[in-house]
Amino acid sequence: RGSANYIANHRNTLAVYHIPGALLDLPDPNVFRDLMNDIALTWLLGMKIVIVAGCRHQVQNKLGDQPDKRSQGLRVTDAETLRII
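Residues numbered from 1 in each chain as written. Predicted model: local features only at pLDDT ≥ 70, side-chain atom pairs only at ≥ 80, totals over all residues. Heavy atoms only, no water.

A look at the overall build of the chain
(1) Moving on: Along the chain, the regular secondary structure elements total 4 helices and 4 strands.
(2) Moving on: For the chain, the sequential pattern of α-helices and β-strands runs α-β-α-β-α-β-β-α.
(3) Moving on: Taking 85 residues into account, the globule formula puts the C-alpha radius of gyration at 12 Å, and the chain, at 18 Å, lies well above it.
(4) Moving on: Taken over the C-alpha atoms alone, the chain extends approximately 55 × 30 × 20 Å along its principal axes.
(5) Moving on: Counting only residues that meet the buried cut, the chain has 13% of its 85 residues in that class.
(6) Moving on: Restricting to contacts in the chain with at least 6 residues of sequence separation, those with at least 24 account for 57%. (Helix = DSSP H or I, 4+ residues; strand = E, 2+ residues; numbered from the N terminus. Rg over C-alpha atoms; globule rule 2.2 N^0.38 Å. Buried < 20%, exposed > 50% of the residue type's maximum accessible area, 1.4 Å probe, protein only. Contact = heavy atoms within 4.5 Å.)

What about the pattern of salt bridges?
(1) Moving on: Enumeration over the complete set of coordinates arrives at 3 salt bridges.
(2) Moving on: Where Asp78 meets Lys69, a salt bridge forms, and the shortest distance between an N and an O atom there is 2.4 Å.
(3) Moving on: Since its relative accessible area comes to 27%, Asp78 is described here as partly exposed.
(4) Moving on: As a salt-bridge pair, Arg83 and Glu80 come within 2.9 Å of each other at their nearest N and O atoms. Placement of both Arg83 and Glu80 in helix α4 (residues 79-84) is noted, with a separation of 3 residues, approximately one turn of the helix.
(5) Moving on: Using a relative accessible area of 61% as the deciding quantity, one classes Arg83 as exposed. (Salt bridge = Lys/Arg side-chain N within 4 Å of Asp/Glu carboxyl O.)

Let's talk about the layout of surface pockets
(1) Moving on: Of the volumes computed, that of the largest pocket is approximately 160 Å³.
(2) Moving on: Lining the largest pocket are Cys55, Arg56, Val59, Arg70, Gly73, Leu74 and Arg75.
(3) Moving on: At the level of secondary structure, the elements contributing two or more residues to the lining of the largest pocket comprise α3 (56-63) and β4 (74-76).
(4) Moving on: Taken together, the residues that form the lining of the largest pocket break down as 3 nonpolar, 1 polar and 3 charged. (1 Å grid on protein atoms, 1.4 Å probe; cavity = no way out; pocket = protein on both sides within 12 Å on 5 of 7 lines; lining within 4 Å. Points joined across faces, edges and corners; volume = space filled by probe spheres on them. Nonpolar A, V, L, I, M, F, W, Y, C, P; charged D, E, K, R; others polar.)

Following this line, the structure appears as structure tokens:
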């Protein structure tokens, strides 16, 4: 009963979930499963869902010790590095 107002107020609103790439490599698969269950519940309650999947962790693993180029704190991916990824 206490959640009825919350559900009504958020029906048809947009929820954006960012899922870090490192979450996929956690040793406990229940963490990812539980997150997906929570997201599914918000969808079942009538919210519109957008999932943004991060990949920094996977890119860094793929590049290994190769130094990355940065500009203003952001990785700059050249053509050769993009080929590797």
